[in-house]
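Below, each chain spelled out in residue letters.
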Amino acid sequence: LYVCLSASLALKNHLCFRDALLADPGLASAYGQFKWELVRRQGMDRETYTRAKTAFILEVLSGKGFRSDELAQIADANR
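Residues numbered from 1 in each chain as written. Predicted model: local features only at pLDDT ≥ 70, side-chain atom pairs only at ≥ 80, totals over all residues. Heavy atoms only, no water.

1. A look at the pattern of salt bridges
With the rule as written, the count across this model stands at 5 salt bridges. A salt bridge links Asp69 to Arg67, with the nearest nitrogen and oxygen atoms 2.9 Å apart. Asp69 sits in the partly exposed class, given a relative accessible area of 36%. Among the ionic contacts, a cluster of salt bridges with common partners joins Lys12, Arg67, Asp69 and Glu70. (Salt bridge = Lys/Arg side-chain N within 4 Å of Asp/Glu carboxyl O. Buried < 20%, exposed > 50% of the residue type's maximum accessible area, 1.4 Å probe, protein only.)

Shown next as structure tokens:
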């Protein structure tokens, strides 16, 4: 369960990324593969996993029209 305030950047982020994955099976597959590769790395911890996933997500969101200040806020929230 994940709760976001309506009209928040967090909600915009999650819905846009979800929609991107639903619209592009290749992207969804690449994201799933990327996550599996991360969890198989020796010494992977939750913080490193989150940062690595965030980089992937930011790349997708940047192609979906998110402004640089929004991307920076998302990155900061996931450190």
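2. Quick notes on the packing of helix 2 (residues 25-40) against helix 3 (residues 46-62)
Helix 3 packs onto helix 2 with a crossing angle of 160° between their chain directions and a minimal axis gap of 10 Å. Judged on the interaxial angle alone, helix 3 and helix 2 are roughly antiparallel. Here the hand of the crossing between helix 2 and helix 3 comes out right-handed. Between helix 2, through Leu27, Ala30, Tyr31, Phe34, Lys35, Leu38 and Val39, and helix 3, the contact on the second element is made entirely by Tyr49, Ala52, Lys53, Phe56, Ile57 and Val60. For the contact of helix 2 with helix 3, the residue count by class is 11 nonpolar, no polar and 2 charged. (Axes fitted to C-alpha atoms, helices over the stretch in contact; angles between N-to-C directions. Helix = DSSP H or I, 4+ residues; strand = E, 2+ residues; numbered from the N terminus. Parallel < 35°, antiparallel > 145°, perpendicular 65-115°, else oblique. Left-handed = near helix turned anticlockwise from the far one by under 90°. Contact = heavy atoms within 4.5 Å. Nonpolar A, V, L, I, M, F, W, Y, C, P; charged D, E, K, R; others polar.)

3. Things to note about the environment of Leu58
On the secondary structure map, Leu58 appears in helix 3. By relative accessible area, Leu58 is classed as buried at 17%. The spatial distance from the C-alpha of Leu58 to the C-alpha of Asp69 is 12 Å, given a sequence separation of 11 residues. Beyond its immediate chain neighbours, meaning those up to four positions away, Leu58 contacts Leu71, Ile74 and Ala75.

4. A short note on the layout of surface pockets
What the largest pocket holds in volume is close to 420 Å³. In terms of lining residues, the largest pocket is bounded by 17 residues, among which Tyr2, Asn13, His14, Ile57 and Asn78 are the most central. Breaking the lining of the largest pocket down by element, the ones donating at least two residues are helix 1 (9-23), helix 3 and helix 4 (68-77). By residue number, the principal contributor to the lining of the largest pocket is helix 1, which donates 7 residues. A per-class count over the lining of the largest pocket returns 8 nonpolar, 6 polar and 3 charged. (1 Å grid on protein atoms, 1.4 Å probe; cavity = no way out; pocket = protein on both sides within 12 Å on 5 of 7 lines; lining within 4 Å. Points joined across faces, edges and corners; volume = space filled by probe spheres on them.)

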